[in-house]
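Spelled out from the first residue to the last, the chains are:
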Amino acid sequence: MTDTSSTAVKIRPPRSQWWDVWDQFKTHKGALIGLTIFVIILAAIFIGPLIWDMAPTYVDLRARNKGFSLAHPFGTDQLGRDILARMLAGGKVSIAVGLTAMGLSIVLGTFIGVLAGYFKRLEGPLMRLTDLFLALPLLPLLLLMVTLFRDPLSKSFGPEGGIFLLIVTAIGATSWMQTARIVRGEVLAIKEREFVLAARSIGTPAHRMVMRHVLPNVLSPIMVSATLGIASAIITESALSFLGLGFPPDFPTWGRLLFDAVDQMQLYPARVILPGLAISLTVLSVNYIGDGLRDALDPRIRGR
Amino acid sequence: MFDTAGVKPLIEVKGLKMYFPITAGVFRSHVGDVKAVDDVSFTIFEGETLGLVGESGCGKSTCGRAILRLYEPTAGSVVIDGQDVLGADQGLLRRMRPKMQMVFQDPQASLNPRMTVAAIIGEPLDEHTTLSKAEKLARIYELMDQVGLNRDFANRYPHEFSGGQRQRIGIARALALNPKFIVCDEPIAALDVSIQAQVVNLLEELQDRLGLTYLFISHDLSMVRHIADRVAVMYLGQIIELSPRDAIYAEPLHPYTQALLSAVPEPDPEAEKTRRRIILTGDVPSPANPPKGCNFCTRCPKVMDICRVEEPRLTEIRPGRFVSCHLYDETAGATAAPGATPSNNNTAIQQGE
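Summary of the structure given here. Bear in mind that the values here come from a model prediction, so they are computed numbers and not experimental data.

Here we come to the packing of aromatic side chains. Following the criterion strictly, the structure yields eight aromatic pairs over all chains and no others. Seen in terms of ring centroids, Trp-22 of chain A and Phe-25 of chain A are 5.9 Å apart; in terms of plane orientation they differ by 20 degrees. Their pairing is stacked. Here Trp-22 of chain A and its partner Phe-25 of chain A are both found in helix H2 (residues 17-27), three residues apart, which amounts to about one turn of the helix. Since its relative accessible area comes to 5%, Phe-25 of chain A is described here as buried. Note on Phe-153 of chain B and Phe-161 of chain B: the rings are 5.3 Å apart at their centroids and 70 degrees apart in plane angle, and the pair reads as edge-to-face. Taken together through their ring pairs, the aromatic side chains of Tyr-235, Tyr-256 and Phe-296 of chain B make up a single cluster.

Below you can see the structure in the form of structure tokens.
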């Protein structure tokens, strides 16, 4: 029977799950548009400076506060620096900070959430730690971190590298709590499901149980909090820069550009709108990508 | 119906207790126990099916899970194929897992919704074997053939199947490591009747082919009659009657078994007319606070004074038939002392029918 049927009907060998995920992702229109926009932004940031090679910190006092022109497509600021060049340079930093800080906070939050949810003994201490972090006043803490660590880090990693590390760590270390709480709750629910019991009866050890059964099933809330995390990381970085705690004043980031332009918002609205638009587009496209990815990773929604 | 003289016991359960602690107050102080399984002892022989029946909440499933040490039992010993399960450390327990597997009640809940059928059936192979990818796939296909699943389903996800098919996936997973002993925890309760027969027949066929031993937990008395060789009846965490199948269905000895069996409808209308139901009054007492004396004394239609004072022991009153009831004290008195311990009974069980 097997002979005839296997020749008549070609049995597909199990193919990688990621092809199914990609097939489903392609059907999500919003996610595709989001992905396209995000790729365009990334391309502009990484390839753009090669084409538009004006230095973002070059001060041309004779060309201050210019509008859109061929020489300066996005105009110039109050010191005559080219805004396009500054936006390209700033995007690199903002997106790098957003992605890294989000990654850090998701990894930290998921790790603590899974440990707290899966191992009963760790639940109390870890969740109290989470509460402790939630109760910390954020800005004074950041201020303290920056004043304490700015100089030693700048010495060992260079001024930009040091500040980048500091800001990413500061944002990551103060934003993992929501993820940890959500993940813990989900893990507590998943842990009681029968398939986890079934895996226990097979003899699956705890770490593989978490990787194979628990984590894939808490992916949706993690994905949601990750996409929201990018947005809030970019905005927190802007706020830090604004307070003078972030990157040095001449170092462009989207948040910095935004706050530099706020003073003259009524005179030159474009200078606020452009970086604002860039932040919004990035955040929105990442949100849509996350949405599509979440759907694509759920086999129950897939193929519908 | 089968000769137990030459058959060795595969599973020996002695004095198994599974208490779930009740805590109360600010300091979570221990105020009592839910005695889900209270001093259960039985033996299952190789190639045999032991049916474990009882109403819901009587501790059947807990008993099955405690035997496989999915819970940590409070007391007792479980020996499977000469190896002590409850005393084993985690490493040894993991190496013993291939021998004992479980089929779960709810086929929907017992399959990870994010894994393909191939991954689900292959999980035990990943854990306990070092097969190559191709060998693993060949074994998965072989298992799917064994349980009657189309090989083309290997890439699908559990939600794409019907209940019966899902249960077949669960059975294939349990079979993957060539186990000797499978705990079937109400494998048919969540299926509709036509599928129930398919799954039960599949289980029987696999038993014949692979020489499996089952602990078949169910509340479906007619299905147990179909599949089991011996039947154990549980009430409130204790086994109250353990007998060969034909004997227990022909002549139930314990008043609870009598009531239970009188509730099974007869397919023959003539016999159905004469069927006299024994209707029990009241509810099952809480396992956190079982009555003094016999557990069944609050609802027993044949209750005597001694029942409320002294707890009856599971004693062999006829060859192969064990009952825990004071009604049979006089007849049992000659063969078994009133204070006979369960371990004594266990050696007697091996005499079989």
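Moving on: helix H6 (residues 193-210) of chain B. All names here are of chain B. If you check H6, its first and last C-alpha atoms are 26 Å apart, about what 18 residues at 1.5 Å a residue would give, namely 26 Å. Residues of H6 that are buried include every one of Gln-196, Val-199, Val-200, Leu-202, Leu-203, Leu-206 and Gln-207, and no others. Down the axis of H6, the buried set is contained in an arc of 155 degrees. They therefore lie on one face. For H6, the exposed residues set more than 90 degrees away from the buried face come down to Ser-194 and Asp-208. Against the buried residues of H6 lie strand E3 (49-53), helix H4 (133-146), helix H5 (163-175), strand E7 (181-185), strand E8 (213-217) and helix H7 (221-227). A positive backbone phi angle near 65 degrees is found at Gly-211, which sits one or two residues after H6.

Further remarks concern the packing of helix H4 (residues 83-118) of chain A against helix H8 (residues 177-191) of chain A. Residue and element names in this part refer to chain A. As a packed pair, H4 and H8 sit with axes 7 Å apart at the nearest point and diverge in direction by 35 degrees. Regarding H4 and H8, the two cross each other, and that crossing is right-handed. For the pair H4 and H8, the contacting residues are Ile-106, Gly-109, Thr-110, Ile-112, Gly-113, Val-114, Ala-116, Gly-117 and Tyr-118 in the first and Thr-179, Ala-180, Val-183, Arg-184, Val-187, Leu-188 and Lys-191 in the second. Looking at the contact of H4 with H8 residue by residue, the classes come out as nine nonpolar, five polar and two charged.

Residue and element names in this part refer to chain B. Pairing analysis gives three bridges linking strand E11 (residues 315-318) to strand E12 (residues 321-323), with the strands arranged antiparallel. Considered in E12, the bridge of Arg-318 is made with Arg-321. Where E11 folds back onto E12 in an antiparallel hairpin, the turn is made up of two residues, including Gly-320, whose phi is positive at roughly 80 degrees.

Residue and element names in this part refer to chain B. Within the secondary structure, Pro-187 sits in the loop between E7 and H6. Owing to a relative accessible area of 0%, Pro-187 belongs among the buried residues under this scheme. Separated by 16 residues in the primary sequence, Pro-187 and Ile-171 have C-alpha atoms spaced 9.2 Å apart. Beyond its immediate stretch of four places on either side in the chain, Pro-187 contacts Val-103, Phe-104, Gln-105, Gln-167, Leu-203, Phe-216 and Ile-217.

With that out of the way, let us pick up the sheet that holds strand E2 (residues 29-45) of chain B. All names here are of chain B. If you trace the four strands from one edge of the open sheet to the other, you get E2-E1-E4-E5, paired in antiparallel fashion. Across the chains shown, the open sheet's two edge strands, defined by having one partner strand only, are E2 and strand E5 (83-84). In this structure, strand E1 (residues 9-24) lies alongside E2, joined through 12 bridges in antiparallel fashion. Residue Thr-23 lies in a different strand from E2, and its bridge partner there is His-30. Running over the sheet, helix H1 (residues 60-67) touches E1, E2 and strand E4 (75-80) and is turned about 115 degrees from E1.

Turning our attention to unusual backbone geometry. All names here are of chain B. Unlike most non-glycine residues, Asn-178 shows phi in positive territory, near 55 degrees. Along the chain, the position of Asn-178 falls in the loop between H5 and E7. Given the relative accessible area of 56%, Asn-178 is considered exposed. Of note, Glu-186 is a non-glycine position whose phi angle comes to about 45 degrees, a positive value. Positionally, Glu-186 belongs in the loop between E7 and H6.

Conventions and cut-offs
Residues numbered from 1 in each chain as written. Chains lettered and ligands numbered in written order. Predicted model: local features only at pLDDT ≥ 70, side-chain atom pairs only at ≥ 80, totals over all residues. Heavy atoms only, no water. Phe/Tyr/Trp six-rings, centres within 6.5 Å; stacked < 30°, edge-to-face > 60°. Helix = DSSP H or I, 4+ residues; strand = E, 2+ residues; numbered from the N terminus. Buried < 20%, exposed > 50% of the residue type's maximum accessible area, 1.4 Å probe, protein only. Expected span 1.5 Å × (residues − 1). Arc of directions from axis to C-beta. Contact = heavy atoms within 4.5 Å. Axes fitted to C-alpha atoms, helices over the stretch in contact; angles between N-to-C directions. Left-handed = near helix turned anticlockwise from the far one by under 90°. Nonpolar A, V, L, I, M, F, W, Y, C, P; charged D, E, K, R; others polar. Pairing = 2+ DSSP bridges.

These values are about where atoms sit, not about what they do.
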